[in-house]
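These are the residues of each chain, in order.
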Amino acid sequence: MKLSVHIWNRLSLAAQFAIAGGVVLVLSVLLIGRVVTARIEDGVVRNTAYATSQYMDSIISPLAQDLAEVDMLSPVARRALDEVFAGTALGQRVVSFKLWKPDGTIAHASDPAIIGQRFAVTEDLAAAFEGEVRASFEKLGDAEDRGEDALGLPLLEIYSPVREAWSGRVIGVAEFYEVATQLERDLAASWRNAWLAVATTFVAIGGILWLIVLRGSRTIDRQQAALAVQLAELGALS
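These figures come from a predicted structure and were not determined experimentally.

A.B. asks: Is there a simple way to think about the overall build of the protein in this case?
C.D. replies: A count of helical and extended segments in the protein gives 7 helices and 5 strands. Reading the helices (α) and strands (β) of the protein from amino to carboxyl end gives α-α-α-α-β-β-α-β-α-β-β-α. Residues classed as buried in the protein amount to 31% of the 238 residues present. Taking contacts inside the protein between residues at least 6 apart in sequence as the whole, the part at least 24 apart equals 61%. Carbon and sulfur atoms provide 61% of the accessible area of the protein, an area that totals close to 14,400 Å².

A.B. asks: Can you help me understand the packing of aromatic side chains in this one?
C.D. replies: Given two aromatic rings, their pairing is described by the distance between the two centres and the angle made by the two planes. Applying the stated rule across the entire model yields 1 aromatic pair. An angle of 70 degrees between the planes, with centres 6.1 Å apart, marks the rings of tryptophan 100 and phenylalanine 119 as edge-to-face. Of the two residues, tryptophan 100 sits in strand S1 (residues 94-100) while phenylalanine 119 sits in the loop between strand S2 (106-109) and helix H5 (123-129), which places them 19 residues apart along the sequence. Given a relative accessible area of 17%, phenylalanine 119 falls into the buried group.

A.B. asks: Sorry if this is basic, but what is going on with a nonpolar patch on the surface here?
C.D. replies: The grouping of Leu11, Ile19, Val23, Val26, Leu27, Leu30 and Trp195 at the surface amounts to a nonpolar patch, some 600 Å² of accessible area in total. The biggest single contributor to the nonpolar patch is helix H2 (residues 13-60), with 5 residues. Along the chain, isoleucine 19 turns up in helix H2. We classify isoleucine 19 as partly exposed; its relative accessible area is 45%.

A.B. asks: When you look at the side chain of glutamate 164 in this model, what are you seeing that I'm missing?
C.D. replies: Mapped onto the elements, glutamate 164 comes out in the loop between strand S4 (155-163) and strand S5 (170-179). Once you skip the residues sitting within four places of it in the chain, glutamate 164 turns out to touch Gln65, Ala68, Arg169 and Ile171.

A.B. asks: Please clarify how the pattern of salt bridges should be interpreted in this entry.
C.D. replies: Note on pairing: side chains with opposite charge can pair once their charged atoms come close. The final tally for this structure, using the stated rule, is 4 salt bridges. Where glutamate 132 meets arginine 134, a salt bridge forms, and the shortest distance between an N and an O atom there is 2.9 Å. Using a relative accessible area of 22% as the deciding quantity, one classes arginine 134 as partly exposed. In this structure, glutamate 164 engages arginine 169 in a salt bridge whose closest nitrogen and oxygen atoms are separated by 3.3 Å. The partly exposed category is assigned to arginine 169, whose relative accessible area is 44%. Bridged by salt links that share partners, the residues Asp124, Glu132 and Arg134 form one connected network.

The rules behind each value
Residues numbered from 1 in each chain as written. Predicted model: local features only at pLDDT ≥ 70, side-chain atom pairs only at ≥ 80, totals over all residues. Heavy atoms only, no water. Helix = DSSP H or I, 4+ residues; strand = E, 2+ residues; numbered from the N terminus. Buried < 20%, exposed > 50% of the residue type's maximum accessible area, 1.4 Å probe, protein only. Contact = heavy atoms within 4.5 Å. Areas by Shrake-Rupley, 256 points an atom, 1.4 Å probe, with all protein chains shown as cover. Phe/Tyr/Trp six-rings, centres within 6.5 Å; stacked < 30°, edge-to-face > 60°. Patch = residues over 30% accessible without salt bridge, like charges linked within 9 Å, V, L, I, M, F, W, Y side chains within 5 Å. Salt bridge = Lys/Arg side-chain N within 4 Å of Asp/Glu carboxyl O.

Below is the structure:
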């Protein structure tokens with residue numbers, strides 16, 4: 001420990017600043033970079049999910065009005081939903097969908113095997129029943145997500161409230177999974193640009209401060225050298 005302190009004290013002020021400032025700089029870049037990229041991802045995912053949910057609501061809501069009175073959709077409504085997502089351009093984007101009742105029962109889904117099954121109500125699902133649009137990107141960790149997770153595609157999972165037409169009451173939640181290949185590229189580009197901007201800014205600030213400290217350190221070194229010479233001359237004279 002004493003040896004380390006001795007070595008540290010022997011370093012110039014510029015060297016000490018470079019070491020200490022470098023550590024602080026790296027930690028600051030990592031912290032602020034993570035915060036900035038997380039905010040960017042949250043904003044992009046939220047805006048994309050909201051736009052998609054508005055479009056999907058115009059299709060699903062008229063067909064899901066039966067949920068206000070019964071637990072399952074009528075055969076006509078189920079067939080209409082299946083036709084909407086089968087063999088269309090929308091079906092290529094939305095690879096899977098589920099229609100939830102408030103108790104966690106799946107009233108209808110693109111996977112017939114899970115229709116009528118009951119699952120635990122997740123945080124996102126509960127928020128959607130409160131009227132909030134929720135979305136997550138590539139976070140398929142729930143029990144009912146195993147089929148979608150097995151696809152191996154970048155997916156945007158969106159929970160959109162389904163409201164009763166005349167009262168506005170939430171009668172169900174439409175959960176759907178949109179292929180998000182372009183979103184993945186956009187997020188990667190946003191992350192890269194954000195990290196680059198944060199790192200460049202901090203490096204520039206650190207570099208300017210180091211130059212200022214370096215100039216002062218050299219001035220101090222010259223003054224110390226001059227004082228050493230003067231002391232030596234005084235010693236010789238005495």
